[in-house]
Amino acid sequence: MSTPAIEVRGLRREFRASQGLFAPPRRVIAVDDVSFSVPAGSVLGVVGESGCGKTTLARMILGLMEPSAGEVLVDGKRLDGMDRRARARLIQPVFQDPFSSLNPRRRVRDIIAMPLVAQGNVTTLEIDRRVAESLERVGLSTEQGTRFPSQLSGGQRQRVAIARALVLRPRIVVCDEPTSALDVSVQAQILNLLAELRRDLGLTYLFISHNLAVVEHVASEVAVMYLGRIVERRESEALFRDPRHPYTRALLDSVLTPEPGLGVPDVGLGDIMPDPANIPPGCRFHPRGPACFAPCAATAPRITSLEDGLVECHLAG
Amino acid sequence: MSALLDIEDLRVTFGGTAAVRGISLTVEKGETHCLVGESGCGKSVTSLAVMGLLAKGGKRDAARLSFAGDDIRDYNEAQMSRLRGDRMAMIFQEPMTSLNPAYTVGSQMTEVLRRHRGTPRAQAVDRAVELLTRVGITAPGLRLGQFPHQLSGGLRQRVMIAMALMCDPELLIADEPTTALDVTVQAQILRLLAELQKDLGLGILLITHDLGIVARVADRVSVMYAGEVVESAPTAELFRAPRHPYTRGLLSCVPVPGKVKRDEPLGSIPGVVPRIPPGFTGCAFRDRCSFAEAACAGTLPRRNVGPAHEMLCVLPEGVPA
Ligand SMILES: Nc1ncnc2c1ncn2[C@@H]1O[C@H](COP(=O)(O)OP(=O)(O)OP(=O)(O)O)[C@@H](O)[C@H]1O
Ligand SMILES: Nc1ncnc2c1ncn2[C@@H]1O[C@H](COP(=O)(O)OP(=O)(O)O)[C@@H](O)[C@H]1O
Ligand code: SF4
Ligand SMILES: [Mg+2]
Ligand SMILES: [Mg+2]
């Protein structure tokens, strides 16, 4: 079997968030014992509500944050101890907010050139050539390359972020909610671009979103995250056809398709948002699950293997 | 009987930008009218113009702007502020823009009633608890004592809705009330709005960029582009037979589970909404429209293409089915 593009084992990350002078710090478990691997050339979609640990997971995989426990292998090599420049040639990020993730005082072409410049020993000629190639790849003109981020629309800014991620010709791109700040029309443009780039360049994506409908369009496999854990991971088609975890079902029900007459479904879940500083005992989902039963409050469910993935729920066991 | 909110030929300019260019729409009692379009097409300016809350430099003009039969075009600030938060309420995309971070939820909610109705404190607190419960908040007592930043985004939006309902408004204007929320919370909030409307007979003007939301909650839809309504119809009719090229484009962009195959491209609209100067003629969509022809630069006809279904486009029948 070929080496997976990304492999994480027992990944965990805690934070200690201060609550002021006299209160003890809150211990936040943002990512809690997560393991998976992403085959080269495929797309793993990661979905879940705000605060469930998606960005924390992404930052650890990018080597931008130390795990509290566990390890990350990218292209078979351990991230800790890897040279920053070597890491940058292997894996690159695209973040959600195209407004804050680009330096407002630099021109677009200089923003795109940054990762190359940071490599050192690349000639100016080569930099110009590679920046031009990246601009073209993402559908931006040479003229747009001379502008500042503030002179571009949100969608164009996201294209700049993608061009910057591609300039080192990495194998793997981690996209953290790349379209959440965009209009549906612009979201469609960016999703189509990402799909085209993946096909043409043979890229591997870790693709994060809070919207399952968006993930379905790009992912070959989907991981559903809840309070720091992956509660269901399935081949994309199987997940949408036959979701096994009640939380996955709630996420799926929340997608409002443009079909009139259906009304807004009752997704259950209640009004209490999950708090990673206060993870419930037993199954961490049970306080929000309308169908959860007695064992759910008492014992954490084990991971159940399915033909096309895995699920962590007493109901599926 | 006249409509609850009746807008005819509303225009707003900001210096060299014509943000709203002759919008007409009505909201009936108990009806949800959705205004949908991409960002920058003038949705928020429309709602702010109705509420008399335009930013400095904004110039408003309308052939008619009436609320519950009263012409409100010449209302002064004191008259408008008596309406706002009382018979006409508004909720915004980002609840923090209308919640004051320095006061507890309880004091802000009761203040609304005390200001508009002079209700005694104890009674106002009861009403606040009742409404927080009504919007699905399980520990209303606790929430009353908390500050806005101590609440999650979904809870804040629920508080906003409860606050908007304190004085039993007749009209609710909701500008992208769920855009900043998780999809799960979005579904909960929209369901809540629909229920409240049924129970209270509210008229709702709901602004969104998401046609999925429109399909699920609207009675009537106006599709807005670059300051104009380009297509308007009852919801079922609009989704059964969308005619305008822009409406078609917007619809094709929405990812629908089980509909689009992986690796097949989603439909999309190239480019972005242009900024339109005053005095512009022709179709503002023509640079992005795949049906554009020479006539699109001239004056456009607004015509009926179905039951209560209007469209602004040179194509006689719109895009063929
Ligand atoms: N530097 C930090 N210090 C303390 N807590 C943190 C830190 N970074 C993240 N957290 C907490 O960890 C949890 C997971 O955060 P994370 O940003 O990974 O969520 P997310 O799934 O990306 O959410 P969103 O959808 O809002 O982007 C949250 O409770 C967050 O408040
Ligand atoms: N205070 C303002 N000053 C100048 N132009 C404005 C102002 N507010 C809005 N506009 C312009 O009016 C147009 C419509 O904006 P807006 O109503 O906010 O769009 P939407 O809510 O549909 O995203 C945009 O071109 C915007 O730049
Ligand atoms: S008027 Fe012309 S450019 Fe405008 S939508 Fe119709 S066909 Fe397209
Ligand atoms: Mg995040
Ligand atoms: Mg707006």
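Enquirer: What am I meant to see in the nonpolar core here?
Expert: Nonpolar side chains tend toward joint burial in soluble globular proteins. By size, the foremost hydrophobic cluster in this structure holds 164 residues, and its most contacted members are A:I162, A:F207, A:L212, A:V222, B:M109 and B:I161. When we break this core down by domain, the ones giving at least three residues each are domain 1 (5–87 + 167–312) and domain 2 (95–166) of chain B. Leave out the neighbours within four places in its chain, and A:I162 touches A:V94, A:V138, A:I190, A:L193, A:L194 and A:L197. Counting residues in hydrophobic clusters, the runner-up holds 30 residues, among them A:L44, A:L79, A:M225 and A:I230.

Enquirer: What is the right way to look at the site of ligand 3 in this model?
Expert: Surveying the vicinity of ligand 3 reveals 13 residues, the closest of which are B:C283, B:R286, B:C289, B:C296 and B:C313. Residue classes in the shell around ligand 3 are distributed as 11 nonpolar, one polar and one charged.

Enquirer: So what exactly am I meant to see when it comes to the packing of helix α6 (residues 154–166) of chain A against helix α7 (residues 184–201) of chain A here?
Expert: Helix-helix packing: each pair is described by the crossing angle between the helix axes and the interaxial distance. Residue and element names in this part refer to chain A. Where α6 meets α7, the axes come as close as 10 Å, and the angle between the chain directions of the two elements is 20 degrees. Relative to α7, the element α6 is oriented roughly parallel. Of the two possible hands of crossing, α6 and α7 adopt the one that is right-handed. Contact with α6, carried on its side by G155, Q158, R159, I162 and L166, involves V186, Q189, I190, L193, L194, L197 and L201 of α7 and no other residues of that element.

Enquirer: How do you make sense of the interface of chain A and chain B when you look at a structure like this?
Expert: Interfaces are often sized by the accessible area lost when the parts come together. Counting residues at the interface gives 47 residues for chain A and 49 residues for chain B. Carbon and sulfur atoms supply 58% of the area buried between chain A and chain B, which totals about 3,900 Å² over both sides. Taken together, chain A and chain B are joined by zero salt bridges. Run the count over chain A and chain B and you get 12 residue pairs in polar contact (both at pLDDT 80 or more).

Enquirer: What should I look at first to understand the domain arrangement of chain B in this one?
Expert: Residues and elements named next belong to chain B. Domain annotation of chain B identifies domain 1 (5–87 + 167–312) and domain 2 (95–166). Measuring from the centre of the C-alpha atoms in domain 1 to the corresponding centre in domain 2 gives 28 Å. Of the residues lining the interface, 21 residues belong to domain 1; the matching set on domain 2 comes to 15 residues. Buried area between domain 1 and domain 2, both sides added, is near 1,500 Å², and the carbon and sulfur share of it is 61%. A per-residue breakdown of the area domain 1 buries against domain 2 is headed by C167, L192 and L196, which together make up 36% of the total. Linking domain 1 with domain 2 are four salt bridges, by the criterion used here. Two residues, E195 and R134, come together in a salt bridge whose shortest N-O distance is 3.8 Å. Applying the counting criterion to the domain 1 and domain 2 interface returns nine residue pairs in polar contact (both at pLDDT 80 or more). Among the secondary structure elements, those contributing two or more residues to the side of domain 1 that touches domain 2 are α2 (77–83) and α7 (183–200). For the side of domain 1 that touches domain 2, the class distribution of residues is 12 nonpolar, three polar and six charged.

Enquirer: Even after reading the chapter, I still don't get the environment of A:N211, so can you show me in this structure?
Expert: You can see A:N211 is positioned in the loop between β8 (204–209) and α8 (212–218). For the pair A:N211 and A:V38, spaced 173 residues apart in sequence, the C-alpha separation works out to 20 Å. Apart from the residues within four sequence positions on either side, A:N211 is in contact with A:V47, A:V255 and B:V183.

Enquirer: Please clarify how the site of ligand 2 should be interpreted in this entry.
Expert: Residues and elements named next belong to chain B. Neighbouring ligand 2 are the residues F14, A19, E38, S39, G40, C41, G42, K43, S44, V45, A55 and R275. G42 is positioned such that a nitrogen or oxygen atom in its backbone is 3.0 Å from an oxygen atom of ligand 2. Contact between ligand 2 and R275: an oxygen atom at 3.3 Å from a side-chain N or O atom of the residue. Relative to its unbound accessible area of 560 Å², ligand 2 is 68% covered by the protein chains. For the shell around ligand 2, the element with the most residues is helix α1 (residues 43–51), which contributes three residues. Taken together, the residues of the shell around ligand 2 break down into five nonpolar, four polar and three charged.

Enquirer: What am I meant to see in helix α3 (residues 108–119) of chain A here?
Expert: Spacing of three or four residues puts side chains on the same side of an α-helix, whose turn is 3.6 residues. Residues and elements named next belong to chain A. The set of residues buried in α3 consists of V108, I111, I112, A113, P115, L116 and Q119. Packing partners of the buried residues in α3 comprise α2 (84–90), β6 (91–94), α4 (124–137), α5 (142–145) and α6. Of the residues flanking the end of α3, it is G120, one or two places downstream, whose phi is positive at about 70 degrees.

Enquirer: Sorry, what's going on with the pairing of strand β3 (residues 43–47) of chain A here?
Expert: Across a regular strand the side chains alternate sides, sitting on one face of the sheet and then on the other. Residues and elements named next belong to chain A. Across the five residues that make up β3, a large majority, five, are buried. Pairing between β3 and β8: five bridges, direction parallel. Opposite L44, over in β8, you have L206 as the bridge partner.

Enquirer: Is there a simple way to think about the packing of aromatic side chains in this case?
Expert: Aromatic ring pairs are defined here through the distance separating the ring centres and the angle between the ring planes. Residues and elements named next belong to chain B. In total, this model carries six aromatic pairs over all chains according to the counting rule given. Taken together, a centroid distance of 5.0 Å and an interplanar angle of 80 degrees make the contact between Y225 and F285 edge-to-face. Placement of Y225 in strand β10 (residues 220–225) and of F285 in the loop between α10 (245–253) and β12 (302–306) is noted, with a sequence separation of 60 residues between them.

Enquirer: Could you clarify how one ought to interpret the sheet that holds β10(B) in this entry?
Expert: Within a sheet, adjacent strands bond to each other through the backbone by hydrogen bonds, running parallel or antiparallel. Residue and element names in this part refer to chain B. Spatially, β7-β8-β9-β3-β10-β11-β13-β12 is the arrangement adopted by the eight strands of the open sheet, whose pairing is mixed. Of all the strands in the sheet, the pair left with one neighbour each is β7 (88–91) and β12. Across the sheet, the mean angle separating the axes of adjacent strands is 20 degrees when strand polarity is ignored. Most of the contacts of helix α6 (residues 153–165) go to β7, to which it runs at about 170 degrees, and overall it touches β7 and β8 (171–175).

Enquirer: Please clarify how the side chain of B:R220 should be interpreted in this entry.
Expert: Residue and element names in this part refer to chain B. Its location among the elements puts R220 in strand β10. Buried R220, no salt bridge; nearest opposite-charge side chain is E31, N-O distance 5.8 Å. Within the local environment of R220, its side chain forms a polar contact with the backbone oxygen of A308, the two atoms lying 2.8 Å apart. With near-sequence residues (within four places) excluded, R220 lies in contact with E31, T32, H33, C34, S232, A233, P234, T235 and A308.

Rules used throughout
The residue numbering used here restarts from 1 in each chain and proceeds along that chain's sequence as written. All chains are assigned letters beginning with A, and all ligands numbers beginning with 1, in the order in which they are written. Given that this is a predicted model, residues contribute local features only at a pLDDT of at least 70 and side-chain atom pairs are listed and counted only at 80 or more, while totals for whole chains, interfaces and linings are drawn from all residues. Heavy atoms from the whole structure form the basis of all side-chain values; hydrogens and water molecules are not counted. By nonpolar core we mean a set of buried residues, namely Ala, Val, Leu, Ile, Met, Phe, Trp, Tyr and Cys, connected to one another through side-chain atoms within 4.5 Å. Any residue under 20% of the maximum accessible area for its type is buried, any over 50% is exposed, and the rest in between are partly exposed; the area is computed with a 1.4 Å probe on protein chains only. Here the limits of each domain have been adopted from an automatic or database domain assignment. We call two residues in contact whenever any of their non-hydrogen atoms come within 4.5 Å of each other. A single heavy atom is enough: if one lies within 4 Å of a molecule or strand, its residue is considered near that molecule or strand. Under this grouping Gly is polar, as are all residues other than the nonpolar Ala, Val, Leu, Ile, Met, Phe, Trp, Tyr, Cys and Pro and the charged Asp, Glu, Lys and Arg. Helix axes are fitted only over the stretch in contact, all axes being lines through C-alpha atoms; the angle between N-to-C directions runs from 0 to 180 degrees. Only runs of H or I of at least four residues qualify as helices and only runs of E of at least two qualify as strands under DSSP, and these elements are numbered from the N terminus. Here is the rule for angles: anything less than 35 degrees is roughly parallel, anything more than 145 is roughly antiparallel, 65 through 115 is roughly perpendicular, and the remaining ranges are oblique. For a crossing to be left-handed, the near helix must be turned anticlockwise from the far one by less than a right angle; the clockwise case is right-handed. Simply put, the buried area is the total loss of 1.4 Å probe accessible area from both parts when two parts are fitted together. Take a side-chain nitrogen of Lys or Arg and a carboxyl oxygen of Asp or Glu: if they are within 4 Å of each other, that pair is a salt bridge. Between N or O atoms, a polar contact is any pair within 3.5 Å; within protein, one atom must be a potential hydrogen donor and the other a potential acceptor, and residues adjacent in sequence are included only when both atoms are from side chains. Surface accessibility follows the Shrake-Rupley procedure with a 1.4 Å probe radius. Residue values consider only the protein chains on display as shielding. Two strands are said to pair when DSSP picks up at least two bridges between them. Only centres within 6.5 Å qualify two rings of Phe, Tyr or Trp (six-membered ring in Trp) as a pair; their planes then separate them into stacked at under 30 degrees, edge-to-face at over 60, and tilted for everything else. His residues and chain termini do not enter the charge count, which takes Lys and Arg as positive and Asp and Glu as negative.

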